[in-house]
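Summary of structural features
What follows is each chain in one-letter form.
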Amino acid sequence: MQYNEFFRIAAAAAGGWLWMTLGPAVPYGVVCTLMVGADLITARRLARRLRRKMPDGSVRRALKLSSAGLGRAVRTLGRIYGLLMLAAMVDAVIVGGHGLLLKFAAGAVCFWQSVSILENEAACNPHPWARILRRILIDKTERYLGVTLDELRKSDPSEK
């Protein structure tokens, strides 16, 4: 047997094992990617609401879509994919391949993104359900602008 043939067989075996191990993580990765995309959409909606609240242009730069923000989203996706790959490998090699660890990891990511989506939708939102959520969740207005919701209300002439 020549070296080329040996390496080809070894690469095919390693690729088959890798696909068998990581293949089950693909649907969970798609769901987690959609959750991150929904979080990005709700963050843009929050930015539009904040821009309408403070039309003087002082917050325009803080609310613009930037490559740094997209870079954070890509890094978040990379961490999520790494977690899912690690969970799939541990599940296949150590736990026994039932997919429970992979489901738990994807569920944790979806819960985390759901909380972030709710924070985005509740921040700077006048609806009663948003007021209730703001008592429980973090107000992202302060994160984006460094302005608390009380200061934002004082500067808004429609709420006086």
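Rules used in this analysis
- Residues numbered from 1 in each chain as written.
- Predicted model: local features only at pLDDT ≥ 70, side-chain atom pairs only at ≥ 80, totals over all residues.
- Heavy atoms only, no water.
- Helix = DSSP H or I, 4+ residues; strand = E, 2+ residues; numbered from the N terminus.
- Buried < 20%, exposed > 50% of the residue type's maximum accessible area, 1.4 Å probe, protein only.
- Axes fitted to C-alpha atoms, helices over the stretch in contact; angles between N-to-C directions.
- Parallel < 35°, antiparallel > 145°, perpendicular 65-115°, else oblique.
- Contact = heavy atoms within 4.5 Å.
- Nonpolar A, V, L, I, M, F, W, Y, C, P; charged D, E, K, R; others polar.
- Polar contact = N/O pair within 3.5 Å; in protein donor to acceptor, adjacent residues only side chain to side chain.
- Salt bridge = Lys/Arg side-chain N within 4 Å of Asp/Glu carboxyl O.
- Core = buried A, V, L, I, M, F, W, Y, C linked by side-chain atoms within 4.5 Å.

1. Some thoughts on unusual backbone geometry
Residue Cys124 is not a glycine yet carries a positive backbone phi of 60 degrees. Structurally, the position occupied by Cys124 is in the loop between helix 5 (100–122) and helix 6 (128–136). Residue classification places Cys124 among the buried positions, given a relative accessible area of 6%.

2. Comments concerning the packing of helix 1 (residues 3–22) against helix 4 (residues 67–95)
The description of two packed helices rests on the angle between their axes and on the distance between the axes. Look at helix 1 against helix 4: their axes get within 8 Å of each other, and the N-to-C directions meet at 100 degrees. With respect to their mutual orientation, helix 1 and helix 4 come out roughly perpendicular. Every residue of helix 4 that contacts helix 1 at Trp17, Leu18, Thr21 and Leu22 is listed here: Met85, Ala88, Met89, Ala92 and Val93. Residue composition of the contact of helix 1 with helix 4, by class: 8 nonpolar, 1 polar and no charged.

3. A closer look at the side chain of Asn125
Within the element layout of this structure, Asn125 appears in the loop between helix 5 and helix 6. Polar contacts involving the side chain of Asn125 include one to the main-chain carbonyl oxygen of Glu121, which spans 2.8 Å. A polar contact is formed between the side chain of Asn125 and the side chain of His127, at a distance of 2.6 Å. Setting aside residues up to four positions removed in sequence, Asn125 forms contacts with Arg49, Ala130 and Arg134.

4. Points about the pattern of salt bridges
Any two side chains of opposite charge can pair, so long as their charged atoms come close to each other. In total, this model carries 1 salt bridge according to the counting rule given. The closest approach of N and O atoms between Arg45 and Glu121, which form a salt bridge, is 2.9 Å. Taken together, the residues span a long stretch of sequence, with Arg45 in helix 2 (residues 25–53) and Glu121 in helix 5 at a distance of 76 residues. When its relative accessible area of 12% is taken as the criterion, Glu121 is described as buried.

5. Comments concerning the environment of Ala130
Counting through the fold element by element, Ala130 comes out in helix 6. By relative accessible area, Ala130 is classed as buried at 0%. Residues Ala130 and Glu119, spaced 11 residues apart in sequence, show a C-alpha to C-alpha distance of 8.9 Å. Leave out the neighbours within four places in its chain, and Ala130 touches Ala122 and Asn125.

6. Some remarks on the nonpolar core
In terms of nonpolar packing, the biggest core is built from 16 residues, with Ala25, Cys32, Ile80, Leu84, Ala88 and Leu102 touching the most fellow members. Those elements giving two or more residues to this core turn out to be helix 2, helix 4 and helix 5. With 6 residues, the single largest contributor to this core is helix 5. Beyond its immediate chain neighbours, meaning those up to four positions away, Ala88 contacts Thr21, Leu22, Ala25 and Leu102.

Remember that the coordinates give geometry; whether it matters functionally is a separate question.
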